Amino acid sequence: MDNPIILNNLIKLSKKDMVSFHVPGHKNGKIFEKYYRNFVNNISKLDTTEIYGNDNLHFPKGMIKEAQEKAAKFYGAYNTFFLINGTTCGIYAMIMAATNSGDKIIVTRDCHRSVINAIILGGLVPVYVMPQIDNERFLSMGVTPHSIERALKENPDAKAVVITYPNYYGICSDIKKIANIVHKYNKLLLVDEAHGAHLKLHYKLPMSSLELGADIVVQSTHKTLPSFTQSSLLHVKSKRIDLDKLKFMLSLNQSSSPSYILMTSLDMAITIAMKEGQFLMDKLIDNINEFVNMINNLDGIDVLSKDIKGSYGAYDLDITKITISMRDIGIDGVTAEEILRKKYNIQVEMADMFNILAVSSIANEKNDFERLSKAIKNIHSNKKITRKKIELPEYNFKSYEMKIIPREAVYMEKESIPFTESKGKISGEYIIPYPPGIPLICPGEIITEEVIEYVKVLKSIGLNIIGMSDEKLDTIKVII
């Protein structure tokens, strides 16, 4: 019998011996083979439901309750909840549990789209705070405590503050100071720690936001620890959170048929982290440092390092996120990613105009870094690769006038008009250049001539822009 289409394609990919510097954190399941072969061999038998003895995620009284309590103890939370619809559902639940419809909420402008979706679902009024921008690398960096305090002073009726920590590139803002400021104003600090489930494992990594004063934290365990995609954790460490409301929001945003395979993988990941986490992270940090030292000796190769601490609002850096730029030798990130994948069987997490991002985890091995190092050295010395000058114009990212809150903008009638004729119109879509992933315009905001001219430049040099339904960026949907 022929293999189903998706199975056939995934099996083909799995046979390529591809080195994984991308999520999920189990890195092609290698760590399961090492620690939990009985899981690998019995995975289909573990796909069950809420029959007698299996417990129930939405009303846990047995093994799920026990596993969640184990996770809470490890992370230092008052309560921990397993998530089987990804961090997205956790972000929806924590924001909707901390607010009521019509409330103001302060969010960083480079937040994940799930934060904006939660604002839409909850009918909230967003107040955006801009992160700092490193225009040399064209990266979104940290958000300063000062900018958070200013937003709180200007919006005393805001109910909560949402921070991303660390960001996609491993940049960490000063969460401890931010938490102190937020609590001084008697507000809640909600943290999207999607890329930080591993921070607890080692003192050489930035401290987790839960240890630094956050009230609620959501983590994508599958990104940086060895659990299956779509399995995440939500932690509460505050007496000011209405747990009954939070549980209701979790049941509202999660499947009523939770995956026992995902919950099992969460429990395995936490067990590995508890028993072997520091040892494995020791090895990973040694491998990262050795790798970075080797490629830092190559002229024109730039690796984002802890040298950025104290600038652009960056308080710390998670070194397990390895951001590499070959811009100075005329190789853009997209080209570098393609060469690594096609010629060297190495898949990185992300590529943009300037950088590639390699996401490592405790499941990566020394050989993975040796292969990546050798590949980058070969790319660096290869004279046949087309080189080009890579520049982007500087842009002062800022929030534009919001005429309509996002929820209302989503539901209002729209029409498509030529983008170049959209000045003064109310956008019905996002305009998000990637990198750095900060929206130029959000739904409900006024489109300006400044935005139009900047998008023209980005379009001319081929930068990826997401959020608009017209992939050619010739038209945009505006509110009628």
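Our subject is the structure listed above.
Below: a short report on this structure. As the structure is a prediction and not an experimental result, all values here were calculated from the model.

Analysis parameters
Residues numbered from 1 in each chain as written. Predicted model: local features only at pLDDT ≥ 70, side-chain atom pairs only at ≥ 80, totals over all residues. Heavy atoms only, no water. Helix = DSSP H or I, 4+ residues; strand = E, 2+ residues; numbered from the N terminus. Rg over C-alpha atoms; globule rule 2.2 N^0.38 Å. Contact = heavy atoms within 4.5 Å. Areas by Shrake-Rupley, 256 points an atom, 1.4 Å probe, with all protein chains shown as cover. Pairing = 2+ DSSP bridges. Axes fitted to C-alpha atoms, helices over the stretch in contact; angles between N-to-C directions. Parallel < 35°, antiparallel > 145°, perpendicular 65-115°, else oblique. Left-handed = near helix turned anticlockwise from the far one by under 90°. Nonpolar A, V, L, I, M, F, W, Y, C, P; charged D, E, K, R; others polar.

1. What about the overall build of the protein chain?
Part 1: Helix and strand content of the protein chain: 15 helices and 21 strands.
Part 2: For a compact globule of 480 residues, the expected C-alpha radius of gyration is about 23 Å, and the protein chain comes in at 23 Å, within 12% of that figure.
Part 3: C-alpha atoms of the protein chain, sized along the principal axes, occupy 60 × 60 × 55 Å.
Part 4: Considering only residue pairs separated by 6 or more positions, the protein chain has 74% of its internal contacts joining residues 24 or more positions apart.
Part 5: Total accessible area on the protein chain is roughly 21,300 Å²; 50% of this is exposed by carbon and sulfur atoms.

2. Regarding the sheet that holds strand 2 (residues 79–83)
Part 1: Within the open sheet, the seven strands sit side by side as 2-11-10-9-7-3-4. Their pairing is mixed. Here the strands that pair on one side only, and so sit at the sheet edges, are strand 2 and strand 4 (125–129). The average angle at which neighbouring strand axes cross in this sheet is 20°, direction not considered.
Part 2: Pairing geometry for strand 10 (residues 216–219) and strand 11 (residues 232–236), over four bridges, is antiparallel. Looking across to strand 11, one finds that Val218 is bridged to Leu234.
Part 3: Helix 4 (residues 63–75) rests against strand 2, strand 10 and strand 11 of the sheet, and its axis sits at about 120° to strand 2.
Part 4: Against the sheet, helix 5 (residues 86–98) makes contact with strand 2, strand 3 (104–108), strand 7 (158–164), strand 9 (188–192), strand 10 and strand 11, and its axis sits at roughly 170° relative to strand 9, the strand it touches most.

3. Some thoughts on the packing of helix 11 (residues 260–295) against helix 13 (residues 366–381)
Part 1: Contact geometry of helix 11 with helix 13 gives a least axis separation of 10 Å together with a crossing angle of 10°. Between helix 11 and helix 13, the crossing angle belongs to the class labelled roughly parallel. Handedness of the crossing formed by helix 11 with helix 13: right-handed. Contacts from Leu284, Asn287, Ile288, Glu290, Phe291, Met294 and Ile295 in helix 11 reach Lys366, Phe369, Leu372, Ser373, Ile376 and Lys377 in helix 13.
Part 2: A breakdown of the residues in the contact of helix 11 with helix 13 according to their chemical character gives eight nonpolar, two polar and three charged.

4. What to know about the packing of helix 5 against helix 10 (residues 243–253)
Part 1: Two elements in contact, helix 5 and helix 10, have axes separated by 8 Å at closest approach and are oriented at 145°. Read as a crossing pair, helix 5 and helix 10 show a hand that is right-handed. Listed contacts from helix 10 to Cys89, Tyr92, Ala93, Met94, Met96 and Ala97 of helix 5 are Lys245, Leu246, Met249, Leu250, Leu252 and Asn253.
Part 2: Here the contact of helix 5 with helix 10 is composed, by residue class, of ten nonpolar, one polar and one charged.

5. Considering the environment of Ile43
Part 1: As for its position among the elements, Ile43 is in the loop between helix 3 (37–41) and helix 4.
Part 2: Once the C-alpha coordinates of Ile43 and Tyr260 are considered, the two residues, 217 residues apart in sequence, prove to be 9.9 Å apart.
Part 3: Those residues in contact with Ile43 that lie beyond four places of it in its chain are Phe228 and Ile261.

6. A short note on the sheet that holds strand 16 (residues 350–351)
Part 1: What the four strands build is an open sheet, ordered 12-14-17-16; its pairing is antiparallel. One side of each edge strand has no neighbouring strand; the edge strands of this open sheet are strand 12 (302–303) and strand 16.
Part 2: Here two bridges tie strand 16 to strand 17 (residues 355–359), and the two strands are oriented antiparallel to one another. The residue of strand 17 that forms the bridge with Met350 is Leu357.
Part 3: Lying on the sheet, helix 12 (residues 333–344) is in contact with strand 16 and strand 17; it crosses strand 17 at an angle near 50°.

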